[in-house]
Every structure is written in structure tokens, then in C-alpha cells.
Number of protein chains: 2
Amino acid sequence: MNFSSRTDLTINSGLNDIFKTRDSQTISFAGGLPDNSLFPQKELAQAFHEVITNDDPSVFQYSAEQLLPLRDKITQKMKRYGVNAKSEDILFTQGAQQALSLAAQLLIDKGDGIVVEAPTYVGALAAFDAVEPSFYEVPVDNDGMNIDALEHILKHHEVKMIYTIPDFQNPTGVVMSTAKRKAIVELANRYDVVIVEDEAYRDLRYTGTQLPTIKQFDTQGRVIYIGSFSKILAPAMRLGWLVATPKMRADLAALKGSTDIETSSLTMHAVNDYLAANDIDQHIDEVRNIYCQKKDLMYQALAENLPEEVEFNNPEGGFFIWLKLPNNFDTEEFLDQYLLPEANVTFVPSKNLFTSKNVLNGARLNFTQPTDEQICEGCLRLGQALKNYRLPIAN
Amino acid sequence: MNFSSRTDLTINSGLNDIFKTRDSQTISFAGGLPDNSLFPQKELAQAFHEVITNDDPSVFQYSAEQLLPLRDKITQKMKRYGVNAKSEDILFTQGAQQALSLAAQLLIDKGDGIVVEAPTYVGALAAFDAVEPSFYEVPVDNDGMNIDALEHILKHHEVKMIYTIPDFQNPTGVVMSTAKRKAIVELANRYDVVIVEDEAYRDLRYTGTQLPTIKQFDTQGRVIYIGSFSKILAPAMRLGWLVATPKMRADLAALKGSTDIETSSLTMHAVNDYLAANDIDQHIDEVRNIYCQKKDLMYQALAENLPEEVEFNNPEGGFFIWLKLPNNFDTEEFLDQYLLPEANVTFVPSKNLFTSKNVLNGARLNFTQPTDEQICEGCLRLGQALKNYRLPIAN
């Protein structure tokens, strides 16, 4: 019994490894999880209560179309991002992940080109693996994708889609400059390519000034914008959205229907009620304050504990700090052979964040989920483990 | 900007047409929707309330694995169906639809063979279209798939997967005989094929005796069993499940992860709470009583109102009655040109329920969603429309 070739690719994407722990004592810097203590439980409970007890059974039923008042609220949010979207441009998805999967399904036949940042989000690579594309990697500079490298690829290869995380890039934390946001749209226009702009972290800026979205510069309907409630409200809502042209949106909706019929009417109603009754921006402000403190705490703890050969950044937002170890260091080997078994700490090694799988000396550290104590203790153990490990560093 | 070839196939599957109405006055026999008034609203509200207010924020978080107590409850249910499944064989999905989509993704490379019943569930065809298979149709006899036709196909073509709805087949209402359930497993063993057994309607038997599942006869781990809470609890739970070997289940879970990361932890907890606090079988009994009455009412109304050239069945369970009109009758044309615009009634015409799209004289009628009044009025209008339509029937 042979499985499809997409199965081989997908099961080896490394997406599942993110949740790898040894036991309940493991300090995990691996996942991309929000802080458990920041979910607005009382307010969400109230919203579900209102929706479920309002005597309208249709919230439990299939819904022919996605809840219009909630789509309207997204258009308002998009407007503040400089994007003039209409409700018919909005499609709700099972988190941002399903939006990534649908975009790839819409655009990619087997072998078609996708440009990805190197490194990038492992879950996006898993979603794209399922349509068996040809991947082209573009290095991430300090101000985002290397545009010269991007243009070189577009000039010499058949590319259908560019995938980018312009704000607080996962995993590097890099913010793409405004100039590059414009440049990438110009290139997409010139080479007839669609840009998939993954903005799951956009609301979580801790320092510096918000830049325009790429979608704002889109004059030809070439940018599929992706947002999510997972990081700003709660992952269990499983609610993301995409913004696209009405034609694209209709085709993406049909692909979604074939995949899971629809997003839960109950969830859409509950989130709509939550947004009507609460100021989510105030909630996001609170979340940002805490995450900024955690980020500072981890940055400080890394500075105090890591050997000086290890480089790391101080991101302006998002969920992650990116480590760069010496070139001959293998972070996956270190994780499996020492860090997890000996120090009971995990992170995401860089290997699976590159489609080439040949960059071994990076690691992604999450600072939002662990408690302050875990951040301090985990960084201490990480530093000690690096010093004790049999290695170039320990020489 | 060209979209993928799977997009063309999927958007033309006809899945979306099921929800086509003219206005809020339309009497729809088209959808496969449960009766709005039968959702256990109070009990579900209580379950959500318990889960959300229990001070455990993890119900809002990502969950590394699917809720074990709920998987255990499914293994108990499967045991009563003669299937000895373990919790590691169970994967929760976004309704049965996602299970269909994942099974196809697991097994099918472009061009690989899928055997489907003719006619079959339009949503399954849409899910399968996304992997661009070669379809082979097997006629549905009064006791299920024509086994000779199935064997002929397996002998002469490369087939990876057989898709069947053995209980109250969608759309024909046919129940596959026990002998055929055994025979199909034997054929799958002989020709190295996987069977996808869609049992979304299994609990909804109104008359006659429950037969064994196909999975019960599976000795080689070749049957992927699919169940759902959509028809017995509420569609907005978006909760289905599949049962497969641990290896298949793991690969299907990886494919699911690439598609949408996971099924909502909140929903799984709420359904688990509902099942712990309530007797769902008693609820299902109530649902079956009502649906049986509605089925009888529609059967009677059709008998009273339809021209005698129209054949239809009296199903033992499920959601649908299947109409067969004279061979030269086109139900899609009738729907679009007369039934919907003139009588404001809809059904699902047969065309898109056959991959060949060349059987035009069938129609699927749903009796669970419409009220008693709508059933009577809709059948009256349908009968009059058929008599008034310019057609072979009206001669």
C-alpha cells in the first residue's frame, strides 16, 4: 500500500517536531504559542454564552455564507492597515494555516515555483509541500527579503507565488522595509506572480513604528493578505482570514468547501460578539506589554548566559528570537543529543526552516509561552548546555 | 494569472450549488442540513459553559495532541459497531468532509484511480477533485455497489481507493448488504486497495436492522472509517473522526497539520463534556423519531403529488429520498428554468452526483431540514411544477 508523494514530503516537513517535549517539566522555547494567562477568558465565555443562549439555533447549523457582521469588522481593521477591502474580499479560514494551504492549492500545480524566505515558517513549508512545488529560497537581510536575489529568481524561473512574512518574520524577527514592500509588488506585477503576505504577527509590535502592509501597494489584485486571531485572541478559535480579489476569494472559498465545508458558525458568532462587546485593541495593548517584557527578559537572559560566539537579535515584535551559532554547529544534533535529554529545554533547530535543509546553525526561540521563571531558567540551562557540549564552542 | 488545474475541477464540482436559493421563502430540499429545532442547545450551552469557566486556560490554547478522553469515547462507540479501535487509531477532523479530503491526499497522486458509487456525495467528489484522480464509477444496486462492476474495474485499472457510503447512501438512500460489505473487503485485499467507509449517517436508521460496518471485516488495516457529529449533534461543532491504522493515522495527522494545524481544543473539550453529562443515544433516538416522521411525510406527499412516471424510494435511514424521472428528463434544467424561479423550491439535480456528469434524470430531496409544512407545500409545488413543465411528463 503506497501513499502519495505529497505524504512523504509533508510528514518529513518537521512541523510536528515543534511540539516535541520530554515530559511536563520540559521548558519549551519551541512552539509558537501565546501565553496561556493572557486569553480573555471571561469575555470569551460571555460571548459564547450570549451566542449559545440567544434562542437562535442557526448558530449550530451549517451557514450558507460566512457571518457578514464579522467580515465587516475585518474590513474595518483592514482599513486601518491602509487596505480598502470589501466584505466580499474576506474569507475566514481555520487559522492562518488554512489560508496558506488554500493559497498554495489555488496557485500551484506540481512543480510550479514558490519563492520563500530563507529561513521561513515551517508550517508554511508543510502546507506548500502538499502541492509539491519547486521551492526557491531568498535570503532574509536585516530589512527583509534580498530583492536582488528575488529578481534573479523571477527572471530565470517559472514562479507563481512569493510567500513572505513582512512583520516580525518567523523565525528571524526581521521587519521588511517599506521600500522593499513596494519593490516586491513591482516585481510581482512585472513577472505576473501572486504575493502571499502572512501577517499573523502584525498586531504584536513592541518597539518602533508600524510600516504599511504590502497589500496597501497592491494595484493589480496580486496580494493575498492573511491575518489571524490565534495570536491576539486564542488559538482554539481556529479563526484566521484572508483578503483577496472577489474572484480569487470565490475560488479559495470553493477550495475551502472541498476541504472542510466551512468554518464553524458558532465560532464566528462568538468572535463577532466578543468584538462587539469588547475593545480588542485594548486587549492587544495588554498582550503587547507583557510580550515586550518577556522579550526583553529573554534577550537579557541570553546576553547573560550564552557564549559570545552565539549571535541573536532583539526583535521589534512577534514571538521569536533567532540564534545564530558558528557555521559548523548543528543545532538539531545539539537539541537531540544534549539540550533536550540533559537540560530538558527545547527550541526549533534551523534545518527544517530552510527548504534546502542545509543551514544547520540557527535556532528559533519563543518567548511568549514560557513563564518569566522558565525564560530565566531555560536560558541559563541553554547557556550551560552550550558550554558543556563537546564542541567548537567549548574549545 | 493562471490558477492550478485542481481549482478548475473543484470550482466546477457543484458543491456550492447545494446552497442555492432564491430568497428566504425558498423551500429547500437541496441541502444536507439537520433540523434546526433538534440541536440540544441547552445541553451544549452547559457543556461550553463548564469548559470555558473551569479556569483551565488550556482549552483556548493549541493542543499538542487531540483530547484523549474524547478519543476514548469514540473507541467505545466504535466497539458497539464491532470495531476494536484504540485511541491512537482515532483522528478528529473538521467534520467528515476533512476526513474525506485527507484520505484522498494520503492515497492519491494525480491520475491515480478512485472508485466511487454512481451517484455519490457531491462533496466527496469535490474533495477528491483537489487531488486530480482518475474516477471510476460503479452503479449502486438496491443492495449497494455492483460488485461485478467493481471487480471489473479493479482488474483492469490502477485503483488506490474505493469510496463508499454503505448506510443510507447519499443520495440514493441504499443500504449495502452484509454480503457485499464482506465482498468489497475481499476485493480490496486482493487488489491492494484502501476502502474509505463514509458512515456520517449510520446512527440515523429509522426502520430495519443495523448491519455490520465494513471496517468490522477489515483484517489488513485497509479500511478508513469516517464518522461525524454533524448530523447527530450539530454541524457547527465541525467535528468528525476517522479510524485507521496507527501508521495511516499518523500520516493523516501530519497532512491535517499542514492544512489547518489542528481541530479546536475548545470544541473537543465541549463535546467531551456534553458526552460525559448527557446520554447522546437518547438524543439520537429523539432525532430518529422526528426524522422518521418527516421521511414518512415526504414519502406520502410525493406519492400524492408526483406524476406516476416519477420513481422514488422509501429509505431506511439517512437524510434523502432519491427521485428518478424519465430518461430524457433533465432535472438541472427543470430546476433552473422552472422549479426554482416559478415554484421557489430547490433540490439537488443528479448531474453533479456522477463524475461522468451524464445522468440527468435524478434528483436528491432532503427531508430533515424543512418543516412539516414545507415538506407538504414543497412536494405539492414540485408535483404541480412537474405537471406544468413543457415536457415529456406533461405530454
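Residues numbered from 1 in each chain as written. Chains lettered and ligands numbered in written order. Predicted model: local features only at pLDDT ≥ 70, side-chain atom pairs only at ≥ 80, totals over all residues. Heavy atoms only, no water.

Identification of chain A as Aminotransferase from Xylocopilactobacillus apicola is taken from an unreviewed UniProt entry. Quoted straight from UniProt, the Cofactor (unreviewed entry) entry for chain A says "pyridoxal 5'-phosphate". According to UniProt, the comment filed for chain A under the heading Sequence similarities (unreviewed entry) is "Belongs to the class-I pyridoxal-phosphate-dependent aminotransferase family." (UniProt positions renumbered as here; feature names shortened; annotations may be inferred.)

> If you had to explain the relation of the copies chain A and chain B to someone new, which residues and values would you point to?
The transform that puts chain A on chain B rotates by 180 degrees and translates by 0.0 Å along the axis, for an RMSD of 0.0 Å. Within this description, the copies of the chain are treated as partners about a two-fold rotation axis. Across chain A, the smallest distance between a C-alpha and the rotation axis is recorded for His 49 of chain A, namely 3.5 Å. Counting the interface residues of chain A, we find that 99% of their copies in chain B are interface residues as well, pointing to one common contact surface. (Least-squares fit on C-alpha atoms with pLDDT ≥ 70 in both. Contact = heavy atoms within 4.5 Å.)

> Quick rundown of the interface of chain A and chain B? Include the residues and the values.
Many descriptions give the size of an interface as the accessible area lost when the pieces come together. The interface of chain A with chain B comprises 76 residues on the first partner and 75 residues on the second. Of all residues in chain A, Met 1, Phe 60 and Tyr 62 of chain A give up the largest surface area on contact with chain B, accounting jointly for 13% of the area buried on that side. The interface formed by chain A and chain B holds zero salt bridges in total. Contributions of two or more residues to the side of chain A that touches chain B are made by helix 1 (5-11), helix 2 (41-52), helix 4 (95-107), helix 5 (122-129), helix 8 (246-260) and helix 9 (265-277) of chain A. Ranked by residue count, the leading element in the side of chain A that touches chain B is helix 8 of chain A, at nine residues. Here the side of chain A that touches chain B is built from residues that sort into 36 nonpolar, 26 polar and 14 charged. (Buried area = accessible area lost by both parts, 1.4 Å probe. Salt bridge = Lys/Arg side-chain N within 4 Å of Asp/Glu carboxyl O. Helix = DSSP H or I, 4+ residues; strand = E, 2+ residues; numbered from the N terminus. Nonpolar A, V, L, I, M, F, W, Y, C, P; charged D, E, K, R; others polar.)

> If you had to explain the side chain of Asn 366 of chain A to someone new, which residues and values would you point to?
With respect to the helices and strands, Asn 366 of chain A occurs in strand 14 (residues 362-366). Here the side chain of Asn 366 of chain A touches Gln 369 of chain A through a polar contact of 3.0 Å, landing on its backbone nitrogen. (Polar contact = N/O pair within 3.5 Å; in protein donor to acceptor, adjacent residues only side chain to side chain.)

> How would you summarise the pairing of strand 3 (residues 113-118) of chain B if you had to cite specific residues and measurements?
All names here are of chain B. Taken across its six residues, strand 3 has six buried, putting it largely inside the fold. Across six bridges, strand 3 lies against strand 4 (residues 134-141) in parallel orientation. Each residue of the ladder has a partner; that of Ala 118, found in strand 4, is Pro 139. Crossover handedness for the path strand 3 to helix 5 (residues 122-129) to strand 4: right-handed. Inspection of the sheet shows strand 3 paired to strand 6 (residues 159-164) by four bridges, in the parallel sense. Bridge pairing links Gly 113 to Val 159 in strand 6. (Buried < 20%, exposed > 50% of the residue type's maximum accessible area, 1.4 Å probe, protein only. Pairing = 2+ DSSP bridges. Right-handed = clockwise from strand over helix to strand, strands pointing away.)

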